Amino acid sequence: MNTLTNQRNRIFRPANANDLAKLRRGKWSNYDEKPQEGVHLRRKPYKLRRGLTFTPFANPTPCNAHCGFCSEELQRKHQQNLTSKNIIKDHDQYFQALAAVFDDLRAVENIGLSLSGLEATSDPGWLLKLLGMLQQDNVPQFNEKVLYTNATGLHNHPALIDALQATQFDRLEVSRCHYNDEINQRVMYFNRNEPVHKNEVYEPLIQRLNPKVTVKNSCILTQTGVNSVAEIECYLEWIIGLGVTEVVFRELSILDDTYVNNRTRQWTEQNRVALDSLLTEIMPQLDQLRQHWAYQYTQAGYYYYNECFIYRDKVKVILETSSYNALMNRNAQAMVQKLVFHSNGNLCGDWDPDSKVLANYFE
């Protein structure tokens with residue numbers, strides 16, 4: 001089995017059926033720790049995973065969609081407030097603090113920017129300010145810049161598209177959970193005043209976007225929406241028609257007893273579509289693949305596992321599963337796996353704004 005390591009993941013190319021079966025059993029445990037990189041945050045030393053990503057958590061407004069699976073609506077037992085309920089209150093204070101974070105991170109050589117959270121495009125003023133900062137010389141040299149979005153603001157405020165292109169974003173990872181907009185709405189629950197929830201608006205938007213900034217579609221597998229290989233193929237035919245050349249299908253993350261059994265957790269458990277059975281249907285053996293599918297490689301990240309295929313020689317397809325328990329175990333280690341800057345001024349090694357706090361930049 002050939003193995004190589006890129007900046008963030010371990011990549012495998014199994015040589016035989018036994019290697020493939022071992023990888024599928026092992027999932028994220030196949031990941032190995034990356035070399036460390038030192039940094040001082042507010043003058044305190046830390047060790048970062050080489051190739052980690054930094055997220056300025058995007059919460060300028062409440063989200064304009066209400067996805068049944070929203071991770072920000074999952075509540076850990078120690079949490080007092082849901083992340084989805086926190087928004088940036090003082091933009092001047094926020095951006096002054098973010099500039100200080102950027103200054104500390106300038107010394108990090110291998111770091112990516114992952115802009116996600118609630119919906120970054122919902123407040124064009126906030127996003128344009130952030131994009132303007134990223135074009136300055138005194139910021140980290142991010143080796144990859146990715147925006148995770150539901151695309152609502154890209155329709156409402158087209159100037160954002162040109163700004164993302166000028167900032168040289170590598171791709172937009174656009175959430176869309178079904179090719180039928182009525183079924184998609186049952187999963188994502190866009191505010192009805194958001195035109196992009198209709199395909200008649202969404203489809204031409206994607207076709208306008210793609211020449212300027214590469215679009216990668218992101219589809220969460222759910223019992224309500226895309227729930228089988230046949231449905232995956234219908235989705236792929238749809239996005240091929242839109243000119244999209246990459247898509248990821250994600251299994252809902254596997255949760256543990258860290259999380260309260262609230263409505264979002266219940267929805268997640270009831271709607272999970274197991275990835276293993278889909279992978280077995282697409283590729284039961286290394287030399288036995290479903291028609292139109294070609295296997296490329298397997299990746300193991302620090303809390304996720306995926307297999308990559310090419311469909312009909314036209315689109316790259318990633319099938320991914322992840323474990324919040326694996327995420328918690330990695331985050332509990334001394335080496336920082338992920339950096340998230342929250343609206344309370346905390347720079348954390350965790351998505352929870354009060355967990356694994358490395359430094360506060362409001363103080």
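Structural data are supplied above this passage.
In what follows, the accompanying structure is described. (Residues numbered from 1 in each chain as written. Predicted model: local features only at pLDDT ≥ 70, side-chain atom pairs only at ≥ 80, totals over all residues. Heavy atoms only, no water.)

## A word on the overall build of the protein chain
For step 1, the next point in the chain: If you tally the helices and strands in the protein chain, you get 11 helices and 16 strands.
For step 2, the next point in the chain: For 363 residues, the compact-globule formula gives about 21 Å, and the C-alpha radius of gyration of the protein chain, at 20 Å, lands near that figure.
For step 3, the next point in the chain: Here the C-alpha coordinates of the protein chain stretch approximately 60 × 45 × 40 Å along the principal axes.
For step 4, the next point in the chain: Counting across all 363 residues of the protein chain, residues that qualify as buried make up 59%.
For step 5, the next point in the chain: Surface summary for the protein chain: the accessible area is close to 15,200 Å², and the carbon and sulfur share equals 44%.
For step 6, the next point in the chain: If you average the places of the 40 positive and of the 41 negative side-chain charges in the protein chain, the two averages end up 3 Å apart. (Helix = DSSP H or I, 4+ residues; strand = E, 2+ residues; numbered from the N terminus. Rg over C-alpha atoms; globule rule 2.2 N^0.38 Å. Buried < 20%, exposed > 50% of the residue type's maximum accessible area, 1.4 Å probe, protein only. Areas by Shrake-Rupley, 256 points an atom, 1.4 Å probe, with all protein chains shown as cover. Lys, Arg positive; Asp, Glu negative; His and termini not counted. Charge placed at Lys NZ, Arg CZ, Asp CG, Glu CD.)

## Regarding unusual backbone geometry
It is generally the case that most residues other than glycine have a negative phi and that most peptide bonds are trans.
For step 1, the next point in the chain: At Gln168, a residue that is not glycine, the phi angle is positive and equals roughly 60 degrees.
For step 2, the next point in the chain: Within the secondary structure layout, Gln168 lies in the loop between α5 (159–166) and β8 (171–175).
For step 3, the next point in the chain: We classify Gln168 as exposed; its relative accessible area is 60%.
For step 4, the next point in the chain: The backbone of Asp313 sits at a positive phi, close to 60 degrees, despite the residue not being glycine.

## Here's the deal with the side chain of Asn9
For step 1, the next point in the chain: By the secondary structure assignment, Asn9 is in the loop between β1 (2–5) and β2 (10–13).
For step 2, the next point in the chain: For Asn9, a relative accessible area of 8% corresponds to the buried category.
For step 3, the next point in the chain: A distance of 2.5 Å separates polar atoms of two side chains, one belonging to Asn9 and the other to Tyr304. (Polar contact = N/O pair within 3.5 Å; in protein donor to acceptor, adjacent residues only side chain to side chain.)

## Some words on the nonpolar core
In summary, soluble globular proteins display a tendency toward joint burial of nonpolar side chains.
For step 1, the next point in the chain: Formed by 101 residues in total, the largest nonpolar core has its most connected members in Phe54, Trp126, Leu236, Phe249 and Leu339.
For step 2, the next point in the chain: Apart from the residues lying within four places of it in its own chain, the contact partners of Leu339 are Leu48, Leu52, Thr53, Phe54, Thr55, Leu105, Ile111, Leu347, Cys348 and Leu358. (Core = buried A, V, L, I, M, F, W, Y, C linked by side-chain atoms within 4.5 Å. Contact = heavy atoms within 4.5 Å.)

## A few points about the pairing of strand β4 (residues 44–49)
A regular strand places its side chains on the two faces of the sheet in alternate fashion.
For step 1, the next point in the chain: The pairing of strand β3 (residues 36–41) with β4 spans 6 bridges and is classified as antiparallel. From the neighbouring strand, Gly38 faces β4, where its bridge partner is Lys47.
For step 2, the next point in the chain: Here β3 hands over to β4 after 2 residues, with Arg42 in that stretch at a positive phi of 55 degrees. (Pairing = 2+ DSSP bridges.)

## Topic: the packing of aromatic side chains
For step 1, the next point in the chain: Under the defined criterion, the tally for this structure stands at 20 aromatic pairs.
For step 2, the next point in the chain: Both rings, one in Phe54 and one in Phe102, keep their centres 6.0 Å apart while their planes meet at 75 degrees; by these two values the pair is edge-to-face. With Phe54 in strand β5 (residues 53–56) and Phe102 in helix α2 (residues 91–105), this pair connects stretches of sequence that are 48 residues apart. Phe102 matches Phe54 in its accessibility class, with the two residues each being buried. (Phe/Tyr/Trp six-rings, centres within 6.5 Å; stacked < 30°, edge-to-face > 60°.)

## What to know about the environment of Asp313
For step 1, the next point in the chain: By secondary structure assignment, the location of Asp313 is in the loop between β12 (304–311) and β13 (315–322).
For step 2, the next point in the chain: Using a relative accessible area of 74% as the deciding quantity, one classes Asp313 as exposed.
For step 3, the next point in the chain: Linking Asp313 and Ala294, residues 19 residues apart in sequence, is a C-alpha distance of 8.1 Å.

## Some words on the environment of Leu242
For step 1, the next point in the chain: Of note, Leu242 is situated in the loop between α8 (229–241) and β10 (246–250).
For step 2, the next point in the chain: Here Leu242 is in contact with Tyr202, Glu203, Ile206 and Gln207, once residues within four sequence places are set aside.

## Quick look at the pattern of salt bridges
For step 1, the next point in the chain: One pass over the structure, following the stated rule, counts 21 salt bridges.
For step 2, the next point in the chain: With a closest N to O distance of 3.8 Å, Lys216 and Glu173 form a salt bridge. Linking Lys216 in strand β9 (residues 215–220) with Glu173 in strand β8, this pair joins segments that are 43 residues apart in sequence.
For step 3, the next point in the chain: Residue Lys216 is classed as buried on the basis of its relative accessible area, which comes to 7%.
For step 4, the next point in the chain: With a shortest N-O distance of 2.6 Å, Arg272 and Glu269 are connected by a salt bridge.
For step 5, the next point in the chain: Classification of Arg272 by relative accessible area gives buried; the value is 18%.
For step 6, the next point in the chain: Residues participating in the shared-partner salt-bridge network are Glu144, Arg171, Glu173, Lys216, Glu246, Arg250, Lys316 and Glu320. (Salt bridge = Lys/Arg side-chain N within 4 Å of Asp/Glu carboxyl O.)

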